[in-house]
Amino acid sequence: MNLKRIAGHDLVPGRIIKDHIHVGGTEIHVPHVIISGHKPGPALLVTAGIHNAEYVGIQAAIELSSEIDPEQLAGTLVIVPVANRSGFENRTMSMVHEDGKNLNRVFPGDAGGTAADRLAYLLFNTFIKYADAYVDLHSGDGYEELIPYVYYVGDTICEKQASAMASCVDTEFIVRSRCKTGGAYNIASVNGIPSVLIERGQLSMYPREEIDADKSDVINIMKYLGMLDGAHETYAKTPLIEHELFSPATGCWYPEFHPGDTFFEGEKLGTIRDYFGKMIHEIAATETGIIIHQCASLNILKEGPMISYGAFRQ
């Protein structure tokens with residue numbers, strides 16, 4: 001895509017723009033960075049902070065926005081380091097502060113909806129739909145622990161390139177997603193934009209080695225896309241079929257395993273108990289798999305995330 005303007009800015013070779021854009025009908029202003037390379041090339045969008053307490057990606061995006069040299073860049077790099085800014089500033093975990101909605105469930109958004117709908121609409125119509133490729137950075141929220149892995153969406157016209165981008169991510173595990181609604185990278189993929197979602201980091205922590213790993217993955221993808229000089233690396237992957245389990249009750253949560261642990265069919269995965277220690281619910285594995293991410297807090301909410309596990313693909 002030969003872009004001339006984005007987010008109201010003219011794209012001039014060698015120019016770096018750091019600005020905010022207002023979400024109509026709200027008090028939200030979205031920070032963004034646009035780096036225009038000296039050489040022609042594709043437009044890559046990188047977002048972080050769609051879930052605002054997932055700090056590894058946010059810090060990686062902030063650092064990348066100051067480290068990519070337009071002299072060495074072919075094409076355009078657009079970075080949105082904190083997509084859910086109001087959530088970040090009010091520490092609302094996954095939710096948009098103004099309406100309590102999960103931003104990554106409402107794409108492509110609605111210009112006449114509530115704050116999250118309007119924010120998703122702006123992100124999609126100002127940034128995502130003009131990208132030639134898209135990387136969305138996520139990690140474990142304040143109550144979630146996880147192992148690093150990467151998603152791409154299957155059965156789309158851009159699946160082959162998205163899969164190739166995912167192979168540039170230095171993780172052992174990969175999930176070919178079946179979801180084509182709600183999420184930013186899901187909607188991008190359905191619209192023909194090859195996209196990956198990288199999960200790295202947990203419990204709202206941001207260790208240096210994980211920040212650097214996110215940055216290395218983005219740079220490696222940029223090499224694959226021809227935006228930076230040098231050969232890209234590819235990493236062998238173990239494919240998983242993801243299954244998400246949601247809590248049937250509110251109470252105290254006692255998991256039996258941690259991310260990266262494997263389990264067998266019939267094994268107990270965890271229990272939910274009331275405030276007197278009485279068991280409310282016990283979760284048993286219906287097949288063999290590996291824990292990808294799960295709730296790590298004592299409290300668990302009815303219909304909230306409990307366990308996401310991967311079944312090994314045959």
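Asker: Even after reading the chapter, I still don't get unusual backbone geometry, so can you show me in this structure?
Answerer: Glycine aside, residues mostly have negative phi, and peptide bonds are mostly found in the trans state. Here Phe107 and Pro108 are connected by a cis peptide whose omega angle stands at 10°. Mapped onto the elements of the fold, Pro108 is located in the loop between helix 2 (85-90) and helix 3 (115-127). One non-glycine residue with positive phi stands out, namely Ala7, at about 55°. Along the polypeptide, Ala7 turns up in the loop between strand 1 (5-6) and strand 2 (9-10). The class of Ala7 is buried, set by a relative accessible area of 18%. With phi around 55°, Leu203 is a residue other than glycine that occupies positive phi space. If you trace the backbone, Leu203 turns up in the loop between strand 11 (195-199) and helix 6 (208-224).

Asker: Explain helix 3 here, please?
Answerer: Think of an α-helix as turning once every 3.6 residues; residues three or four places apart then point the same way. End to end, helix 3 covers 18 Å across 13 residues, agreeing with the expected 18 Å (1.5 Å per residue, within 8%). With 10 of 13 residues buried, helix 3 is to be regarded as a mostly interior element. Looking at helix 3, one finds that the buried residues are Ala115, Ala116, Asp117, Leu119, Ala120, Leu122, Leu123, Phe124, Thr126 and Phe127. The elements touched by buried residues of helix 3 are strand 1, strand 3 (16-22), strand 4 (29-36), strand 5 (39-48), strand 6 (74-80) and helix 5 (184-190).

Asker: Where do I start with the environment of Tyr235 in this structure?
Answerer: Note on placement: Tyr235 falls in the loop between helix 6 and strand 12 (238-246). Its relative accessible area of 24% is what places Tyr235 among the partly exposed residues. Tyr235 has contacts with Ser167, Cys168, Val169, Asp170 and Asn220, leaving out every residue within four places of it along the chain.

Asker: Please clarify how the sheet that holds strand 13 (residues 251-255) should be interpreted in this entry.
Answerer: Within a sheet, neighbouring strands are paired by backbone hydrogen bonds and run either parallel or antiparallel to one another. Here 4 strands make up an open sheet; going across it, the order is 16-15-13-18 and the pairing antiparallel. Only two strands of the sheet have a single partner each, and these edge strands are strand 16 (279-284) and strand 18 (299-300). Pairing of strand 15 (residues 268-273) with strand 16 involves 5 bridges; the strand directions are antiparallel. When the bridges of strand 16 are listed, Thr271 appears paired with Glu282.

Asker: Hey, could you run me through helix 6 in this one?
Answerer: Helix length check: helix 6, at 17 residues, gives a terminal C-alpha distance of 24 Å against a target of 24 Å (1.5 Å per residue), a fit within 8%. Contacts from the buried residues of helix 6 go to strand 5, helix 1 (55-67), strand 6, strand 7 (133-138), helix 4 (159-166) and strand 11. Just past helix 6, the residue Gly226 takes up positive phi, approximately 80°.

Asker: I keep staring at the packing of helix 1 against helix 6 and nothing clicks. Help me out?
Answerer: In a packed pair of helices, the relevant descriptors are the angle between the two axes and the axis-to-axis distance. Where helix 1 meets helix 6, the axes come as close as 9 Å, and the angle between the chain directions of the two elements is 55°. As the angle between them shows, helix 1 and helix 6 are arranged oblique. Considering only the axes of helix 1 and helix 6, their crossing is right-handed. In contact with Val56, Gly57, Gln59, Ala60, Glu63, Leu64 and Glu67 of helix 1, helix 6 contributes Arg208, Glu210, Ile211, Asp214, Lys215, Val218 and Ile219.

Asker: Explain the pairing of strand 12 to me, please; I cannot follow it from the model alone.
Answerer: Side chains on a regular strand alternate between the two faces of the sheet. Pairing analysis gives 3 bridges linking strand 10 (residues 173-177) to strand 12, with the strands arranged parallel. Paired with Phe173 across the two strands is Thr238, which belongs to strand 12. Direction of pairing for strand 12 relative to strand 19 (residues 305-312): antiparallel, over a ladder of 7 bridges. By the bridge assignment for strand 19, Ile241 is matched with Ala311.

Basis of the calculations
Residues numbered from 1 in each chain as written. Predicted model: local features only at pLDDT ≥ 70, side-chain atom pairs only at ≥ 80, totals over all residues. Heavy atoms only, no water. Helix = DSSP H or I, 4+ residues; strand = E, 2+ residues; numbered from the N terminus. Buried < 20%, exposed > 50% of the residue type's maximum accessible area, 1.4 Å probe, protein only. Expected span 1.5 Å × (residues − 1). Contact = heavy atoms within 4.5 Å. Pairing = 2+ DSSP bridges. Axes fitted to C-alpha atoms, helices over the stretch in contact; angles between N-to-C directions. Parallel < 35°, antiparallel > 145°, perpendicular 65-115°, else oblique. Left-handed = near helix turned anticlockwise from the far one by under 90°.

Such coordinate-based values are descriptive only and should not be taken to indicate function.
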